[in-house]
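Okay, here's what each chain looks like letter by letter:
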Amino acid sequence: SSDLANYSILFSAEWTYSSFPKQYPTYRPPAQWSTLFGCTHNSDFVLWAEGSLVSPGVRIFAEQGKTHPLIQEMELAEDRVRNWFQADSINSGEGNTSVSITIEPSHPLVSVIVRIVPSPDWFVGVSALNLCADGQWKTRELYELFPWDAGTDSGFTFSSPNFETNPQESVSQITATNPSHPANSFYYPRIKTLPRLGYLEFAILATEINNATQNELEKLPVSEEHIPAECILNEENKNDNDTRLRQEIGNKTEEGINIPENLTTVKENCKKSQSITPLDCEVSTWSPWGLCSPFCGNGTRQRTRYITLQPANRGEPCPALIERDNCDLPPCSTYSPSTSENSSVTTMPSNTNLTLKHIISQEFKNTTRDLHPELPEST
């Protein structure tokens, strides 16, 4: 197309406890999103890309959410970047923010980045999305969002302290098993794919279709490349795909053009993620075995462990936290004050009134005489 195009960009965040129960941030700070930052550019410019090192401006944005260094980089990019834009932050895990932009045919690519707050250097976004196809501006584009690691901080959890990655690593996608470490906040080994964190919707504005007739409107193309799977019908209803996709447009009037009511019933259901991610219980390693009880003969010993992560969303329950085992020690011995044939036991007349001290003293003398006969007798 040789004409400019005006688009609205909607960021719909879906970072919820049900989708991401592990270490979900609830305070200081709770789950939220930074300012949305983006730009329109040509193929000679890269805001961020998988497998590439991020610029200093993107690094500061991914770690701190500051946009000023990014704006300076946009100004230095000269004719490679046509314009940059921002949208308000979202102060919770769920919410919406939007911005309108103008795109030129010479700079048809759009890149967007939004920081996950809190996080070491994690973000969501889209890189170099082309809104022009076959010489025509796309009517609507839906792009699902998943977490990315900027490669500048090695923290594993949402609230990890600063831990600089040195040397810096390239941008990589965070998945349910990558990084493969149980401490990672996005580590969910029971599932193959993480739920989406939200989506970006690029919609051409009314001024771009104000000359369309009702019949032409129903024929407007909608890209399927980034549309969530639940928004596309199966092969048995393939002929109805175009109708289903047009239902995303919703029930609204744009410059006097009414979109039929029967094309509006699944807009929100199509977009809204309903993922519930199971979270299994996690426990510590076993402690060392305790002492055998009792201290002689046959006994038992035990060891313990503790819960490090409570289960959620029907995840695997916690296993036993105490384990017991049999143990054997030398037989218990009984004390006999005298076992020698020559030993004598002092018997006391019933009418003799001796104290316990006298009895013990006499037994000690008898035992000593048995063990050491060479010693003289004491009185």
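Quick note: structure is the one above.
So, a few notes on the structure that sits alongside this text. (Residues numbered from 1 in each chain as written. Predicted model: local features only at pLDDT ≥ 70, side-chain atom pairs only at ≥ 80, totals over all residues. Heavy atoms only, no water.)

Following the criterion strictly, the structure yields 11 salt bridges and no others. A salt bridge links glutamate 63 to arginine 59; the nearest nitrogen and oxygen atoms lie 3.3 Å apart. Here arginine 59 and glutamate 63 lie together in helix 1 (residues 56-64), a separation of 4 residues that amounts to about one turn. A salt bridge links arginine 301 to aspartate 325, with the nearest nitrogen and oxygen atoms 3.5 Å apart. In this pair, arginine 301 is assigned in strand 17 (residues 298-304) and aspartate 325 in strand 19 (residues 322-328), connecting sequence segments 24 residues apart. Among the charged side chains, a network of salt bridges with common partners joins Glu14, Glu144 and Arg196. (Salt bridge = Lys/Arg side-chain N within 4 Å of Asp/Glu carboxyl O. Helix = DSSP H or I, 4+ residues; strand = E, 2+ residues; numbered from the N terminus.)

Turning to the state of the cysteines, a few remarks are in order. Applying the stated criterion across every chain, the model contains 3 disulfides. Between cysteine 292 and cysteine 327 runs a disulfide, and the two sulfur atoms are separated by 1.8 Å. Given an S-S torsion of about 85°, the disulfide between cysteine 292 and cysteine 327 has right-handed geometry. Here the residue cysteine 292 occupies a position in the loop between strand 16 (282-283) and strand 17, and cysteine 327 occupies one in strand 19, the gap between them amounting to 35 residues. On the basis of relative accessibility, which here comes to 12%, the residue cysteine 292 falls in the buried class. Of the residues examined, cysteine 327 reaches a relative accessible area of 11% and is grouped as buried. Paired through a disulfide, cysteine 296 and cysteine 332 show a sulfur-sulfur distance of 1.7 Å. (Disulfide = S-S within 2.5 Å. Buried < 20%, exposed > 50% of the residue type's maximum accessible area, 1.4 Å probe, protein only.)

Counted by the stated rule, this structure contains 14 aromatic pairs. Ring centres 5.7 Å apart and planes at 75° place the aromatic pair tryptophan 15 and tyrosine 24 in the edge-to-face group. Overall, the relative accessible area of 19% leaves tyrosine 24 in the buried class. Ring geometry for tryptophan 122 against phenylalanine 186: centres 5.5 Å apart, planes inclined by 50°, an arrangement best described as tilted. Placement of the pair is tryptophan 122 in strand 7 (residues 122-130) and phenylalanine 186 in the loop between strand 12 (172-173) and strand 13 (198-204), with a sequence separation of 64 residues. Phenylalanine 186 gets classed as buried once you look at its relative accessible area, which sits at 0%. (Phe/Tyr/Trp six-rings, centres within 6.5 Å; stacked < 30°, edge-to-face > 60°.)

By themselves, these are just geometric observations and shouldn't be taken as functional.
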